Amino acid sequence: MATALPMASTSSLSLSRRPPFLGSYSGKRTVPANYQSICCLNNSQLCTTTRGYKDDVNLIKRRQMIAFLFGFSSFVLDSFQAEGAGLPPEEKPRLCDDSCEKQLENVPMVTTESGLQYKDIKVGQGPSPPVGFQVAANYVAMVPSGQIFDSSLEKGQLYIFRVGSGQVIKGLDEGILTMKVGGKRRLYIPGSLAFPKGLTSAPGRPRVAPSSPVVFDVSLEYVPGLEIEEE
């Protein structure tokens, strides 16, 4: 039968934590030789050593409390800063700036048979892309509120795809087919011509719900190979 190990008493544990000026702990209740000389002669007063020990404990507790309060306040401050970071609208590159938006109010809206609507920000002077040709375009994709969920300008790279072949959403395909190179257009794409399954955007960007309307600002930069054939 195993013999139980002796449990350390609470008093011995507390003695082991006494400060060095009370003498080293040897496992027994020992009193320093100069204990009486350190203590005040009046029995009604506490020993100065005991008072000093309590002062040290109180100081440690105060420091721990200050550290806790400082850490908690930093956590709360960081939380507020994280929430507030998204409040001011972040400046993002756009194809239509504030002056363009004002001019666009006076541009007539064109509605096609499919329900696609668009306004020409700038009419291009080049050729229109034939179905199946590759096109190089810039785009800024937004939800109806104007929040951007995708943009080639932010990526710093032209978006190249084969127009009219189903590589992009129907509204974008249709809208670019009637544009001319060098032109800019705002497409108001209905849900039936947008994302039937919705779109999960990058963190911090608005999510596109299934079959919800979207807005695309598009600039047709060039049609690779078409200029050579025109010559």
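Just so it is clear, the structure is predicted and the values come from calculations on it, not from any experiment. (Residues numbered from 1 in each chain as written. Predicted model: local features only at pLDDT ≥ 70, side-chain atom pairs only at ≥ 80, totals over all residues. Heavy atoms only, no water.)

J.: Before we go on, may I ask you to explain the pairing of strand β3 (residues 134–142) in this structure?
T.: Every other side chain in a regular strand lies on the same face of the sheet, so the side chains alternate between the two faces. Within β3, eight of the nine residues are buried, which leaves it mostly tucked inside the rest of the structure. Bridging between β3 and strand β5 (residues 159–162) involves four bridges; their strand directions are antiparallel. Bridged to Ala136 within β5 is Ile160. Bridge count for β3 against strand β7 (residues 214–222) is seven bridges, and the pairing is antiparallel. Across the sheet, the residue bridging to Asn138 is Ser219, located in β7. As judged from the three bridges shared by β3 and strand β4 (residues 148–151), these two strands associate in the antiparallel manner. (Buried < 20%, exposed > 50% of the residue type's maximum accessible area, 1.4 Å probe, protein only. Helix = DSSP H or I, 4+ residues; strand = E, 2+ residues; numbered from the N terminus. Pairing = 2+ DSSP bridges.)

J.: Would you mind going over the confidence of the model for the chain with me for this structure?
T.: When pLDDT is low, close inspection of the predicted coordinates is not appropriate. For the chain, mean pLDDT is 76; residues scoring 70 or higher make up 59% of the total. Low confidence marks residues 1–28, where pLDDT is under 50. Its contacts with residues over four positions away, or in another chain, come to 16 contacts. Taken as a whole, residues 72–88 scores under 50 in pLDDT and shows zero contacts with residues more than four places along the chain or in a different chain. (pLDDT = per-residue confidence, 0-100. Contact = heavy atoms within 4.5 Å.)

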